[in-house]
Amino acid sequence: MREDDARLMTGNEACAEAALVAGMRFFAGYPITPSSEIAECLARRLPQEGGTFIQMEDELASMAAIIGASLTGVKSMTATSGPGFSLMQENIGYASMAEVPCVIVNVQRGGPSTGLPTLPSQSDVMQARWGTHGDHPVIVVAPSTVRETYDWTIKAFNFAERFRVPVVVLLDEIVAHVNEKIIVPTRGEFEVIDRDRTTQDPKDYLPYALTDSDIPPFADFGSGYRYNVTGLSHDETGFPANDPKKVDLLHRRLNRKIERYRNEIVHYKTELLEDADIVVVAYGSTARSAYRAVRNARALGLKVGIFKMFVLWPFPYQELDKLARRVEKFIVPEMNLGQIAHEVTCAAKHEVAQVNRIDGGLITPDEILEAIKNVSV
Amino acid sequence: MGFRYEFRLSGSGGQGLILAGKILAEAAAIYDGKNATQSQSYGPEARGGSSRSEVIVSDEEIDYPKAVNIDLLLCFTQEACDKYHQDVKEMGILLVDESYVTKIPKGKYKVYSVPITETAETKVGKALVANIVAIGIITQVTGVISKEAVEAAILSRVPKGTEDLNLKAFNTGIEMAQQFK
C-alpha cells in the first residue's frame, strides 16, 4: 500500500468504488438522501467501466431491474434509504425465492415514513431481516468506517454470489457522509467471488437442482439455457409446485443455505474482553462512539470490553451466548429503541442495558460511558 | 490520549461551509499526513436552513467523528453563534463574520470578530469566496494545518478556472489574521 493512494472519501463513495472492484456492472436506483451520492458516483463511474446505470421511476422498479440484470449474469446493485427500502421489500422476497444474487444498500434515516432524511439512524435492522414476508434467507452487513464500507461492500457481493441471496449493506448517515482518509486498496488485494455456473448440457439443466452444497449452479439468461423463474414455490425445474414434499424441500434448503454456512458469514471483533466484566455490543457508526467510551472507561479503571459486529444477520447468537457465560453485564448502544438489544437479550438469556437515541443525533461516547458507570456499581 | 483538534464551521446552507470543512480535512489528512474526518449536519431544505460542518484532526485513529469540545468555532450567522458558543472549550477560538454576528456571547475563549464576507467582496472581488477567506484566517490563527497543505487542498477541490480567485481569497485571509494581535 502506497501512501500516495491516500484519499479523503465518504462511505457512499467507498461503497460505489468497492462495488466496481467487486465486479458490479449494473446499477438501477432512485436517488434518496442520504444515499444519493452512491447513485451520483455510479452514474459517472459505471459507463467508464463498461457498465450500465439506470435511474428508474421508483424503488419497486429499481429492485426489479437489478433482479433482471443479475439473471443475465451481471452483478447488480441498488441503493436507497428507509422509504425506498420499504418499497423494495416485495422484490427482495422475490430475489430470495428465485435465488438471484444482488446487493441492496440501505443508508438508514430516522423513520417511520419520510422521517429524518438528513440525520443518522439504525432503525432498519429488523426490516433488513424481516421486511419481506415469509421465512427467507438474507445476509446483512453493517460497517462503521469508510474503510470498512469499502471492504464489506466487496464481501457483500461475494456473499450474494456464493450463496445466491440478496445481501443488504446497512449504512447510516454518519458512515455514509463522513469524509475520512483511506488508503485505496489495489484490486489484487481482494478475493472476488463469482457465482458457480453450470457446465451441464442445457437440455439436462435443472435451475433449482438439489445439490450437496444446497446452492444450485446458475445459468445466465441469454446463454442458451431456457428455464422458468417464479416467486411461487417451485420444484427443481423452476415450475410452480404444490406437492408438500417438494415445497418443504425447497424452503428448508433456502434457509439451510445460510444456516449451514453461518461460520463463513458471521463476523465480529472483540477488544479488551480478557478481564472484562462489562461488554459493549455495538455496530455501525455507534461502534465508533463505543470504542471511545470503552477507552475512556478503561482509563477510569473500569473493566469493560467491546464486541463489535460487522455482520448483523445471521446474528452471532452462539458467540454471544458463550460470552455471556463469563461476562455478566451487557450494554447495547443503538440509534433505535432496542432492535439489536433484543437479540442480545435472547443470546445472553438475561436483560441487557441499553443506550438508545431516536432524535437524529449520534450517541456520544459520554452517553455510553454513563451507562458503563451505571452498570458497574 | 493523543492530539485531537476540533473545528466547527457553522452558518446557513449555501455559504460553502461544507466545502470549507472538506478542504481543511483533506489538507490535514492527505497533504499533512495526519488523520482527519469531516462530517456535517444540515436540514432537509435544498438551500437555507442551518448548516454545520465539523473537522477533527488527530495524530491517532479518529473514532467518534463529531466535535464536542471545540478548539475553533467559525460562525457565519448570529443564530449559529448563539447556539454553539458554549461548545467552545476554555481558551478555544471563536471566529465570527462581523457582518452577520453583531452580538458576541461572553465566554472564556478568544474572540476574533472580522469582516470576512465584506473583505471577500471588496478586496478579493467576490463575496462567494468568503468561505476560503475564512480558511485562510483559520489556517493562520490555529497553526494546526500547514499553509502549503491547505493551498494544495483548495486547488484540488475548487472548480476549474477559479483557482487564482480562491488562492487570492486564501492569502487575503492569512494576511488578515497576521494583523491580529
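- As recorded in an unreviewed UniProt entry, chain B goes by the name 2-oxoglutarate ferredoxin oxidoreductase subunit gamma, listed as coming from candidate division WOR_3 bacterium SM23_42.

- As annotated in an unreviewed UniProt entry, chain A carries the name 2-oxoglutarate ferredoxin oxidoreductase subunit alpha and comes from candidate division WOR_3 bacterium SM23_42.

1. Notes on the layout of surface pockets
Part 1: Quantified by volume, the largest pocket comes out at close to 580 Å³.
Part 2: Those elements giving two or more residues to the lining of the largest pocket turn out to be α6 (146-163), β8 (179-183), β9 (268-271) and α10 (286-299) of chain A together with β2 (35-42) of chain B.
Part 3: Sort the elements by how many residues they give to the lining of the largest pocket and α10(A) lands first, with five residues.
Part 4: Taken together, the residues of the lining of the largest pocket sort by class into nine nonpolar, four polar and 13 charged.
Part 5: No fewer than three residues from each of domain 1 (3-189) and domain 2 (268-376) of chain A sit in the lining of the largest pocket.
Part 6: Considering only enclosed or pocket space, the second largest pocket measures out at about 410 Å³ in volume.
Part 7: In this structure, the second largest pocket is lined by 15 residues; those nearest its centre are Thr10(A), Glu13(A), Glu37(A), Glu40(A) and Lys22(B).
Part 8: Listing elements by their share of the lining of the second largest pocket, those giving two or more residues are β1 (6-10), α1 (11-21) and α2 (36-48) of chain A together with α1 (17-31) and β2 of chain B.
Part 9: The element contributing the most residues to the lining of the second largest pocket is α2(A), with four residues.
Part 10: Residues that form the lining of the second largest pocket fall into these classes: three nonpolar, four polar and eight charged.

2. Brief notes about the packing of aromatic side chains
Residues and elements named next belong to chain A.
Part 1: Tallying each qualifying case throughout the model produces 15 aromatic pairs over all chains.
Part 2: Ring plane angle 45 degrees and centroid distance 5.8 Å describe the contact between Trp313 and Phe315, whose orientation is recorded as tilted. Per residue, the accessibility class of Trp313 equals that of Phe315, and both read buried.
Part 3: A network of ring pairs unites the aromatic residues Trp152, Phe159, Phe163, Tyr261 and Phe310 as a single cluster.
Part 4: The side chain of Lys155 reaches across the aromatic face of Trp152, ending 5.1 Å from its centre.

3. With respect to the sheet that holds strand β2 (residues 26-29) of chain A
All names here are of chain A.
Part 1: Spatial ordering of the open sheet is given by β3-β2-β4-β5-β7-β6-β12, a layout of seven strands whose pairing is mixed. Only two strands of the sheet have a single neighbouring strand rather than two, namely β3 (52-55) and β12 (311-313). Across the sheet, the axes of successive neighbouring strands diverge by a mean angle of 20 degrees, strand direction being ignored.
Part 2: The pairing of β2 with strand β4 (residues 76-80) spans two bridges and is classified as parallel. Residue Phe26 lies in a different strand from β4, and its bridge partner there is Ser76.

4. Notes on unusual backbone geometry
Negative phi values dominate among residues other than glycine, just as trans dominates among peptide bonds.
Residues and elements named next belong to chain A.
Part 1: For the bond running from Gly111 to Pro112, omega is 5 degrees, close enough to zero to count as cis.
Part 2: Mapped onto the secondary structure, Pro112 falls in the loop between β5 (102-108) and α5 (125-130).
Part 3: That bond from Trp313 to Pro314 is cis: its omega, 0 degrees, falls within 30 degrees of zero.
Part 4: Here Pro314 lies in the loop between β12 and α11 (317-324).
Part 5: A positive phi is found at Leu272, a non-glycine position, where the angle reads about 60 degrees.
Part 6: Looking at the element boundaries, Leu272 is found in the loop between β9 and β10 (278-282).

5. A short note on the interface of chain A and chain B
Part 1: The interface of chain A with chain B comprises 24 residues on the first partner and 26 residues on the second.
Part 2: For the chain A and chain B pair, buried surface summed over both sides reaches about 1900 Å², with 56% attributable to carbon and sulfur atoms.
Part 3: Among the residues of chain A in contact with chain B, Leu8(A), Lys181(A) and Arg292(A) are the three that bury the most area, contributing 31% of the side total.
Part 4: Linking chain A with chain B are two salt bridges, by the criterion used here.
Part 5: For Asp63(B), the salt bridge identified is with Arg295(A), shortest N-O distance 2.7 Å.
Part 6: At the boundary of chain A and chain B, one finds eight residue pairs in polar contact (both at pLDDT 80 or more).

6. A short note on the side chain of Thr119(B)
Residues and elements named next belong to chain B.
Part 1: Within the secondary structure, Thr119 sits in helix α3 (residues 116-124).
Part 2: According to the relative accessible area criterion, Thr119 is buried, its value standing at 9%.
Part 3: When neighbours within four sequence positions are excluded, Thr119 is seen to be in contact with Val124, Thr172 and Met176.

Criteria and cut-off values
Residues numbered from 1 in each chain as written. Chains lettered and ligands numbered in written order. Predicted model: local features only at pLDDT ≥ 70, side-chain atom pairs only at ≥ 80, totals over all residues. Heavy atoms only, no water. 1 Å grid on protein atoms, 1.4 Å probe; cavity = no way out; pocket = protein on both sides within 12 Å on 5 of 7 lines; lining within 4 Å. Points joined across faces, edges and corners; volume = space filled by probe spheres on them. Helix = DSSP H or I, 4+ residues; strand = E, 2+ residues; numbered from the N terminus. Nonpolar A, V, L, I, M, F, W, Y, C, P; charged D, E, K, R; others polar. Domains from an automatic or database assignment. Phe/Tyr/Trp six-rings, centres within 6.5 Å; stacked < 30°, edge-to-face > 60°. Buried < 20%, exposed > 50% of the residue type's maximum accessible area, 1.4 Å probe, protein only. Lys NZ or Arg CZ within 6 Å of the ring centre and 35° of its normal. Pairing = 2+ DSSP bridges. Axes fitted to C-alpha atoms, helices over the stretch in contact; angles between N-to-C directions. Contact = heavy atoms within 4.5 Å. Buried area = accessible area lost by both parts, 1.4 Å probe. Salt bridge = Lys/Arg side-chain N within 4 Å of Asp/Glu carboxyl O. Polar contact = N/O pair within 3.5 Å; in protein donor to acceptor, adjacent residues only side chain to side chain.

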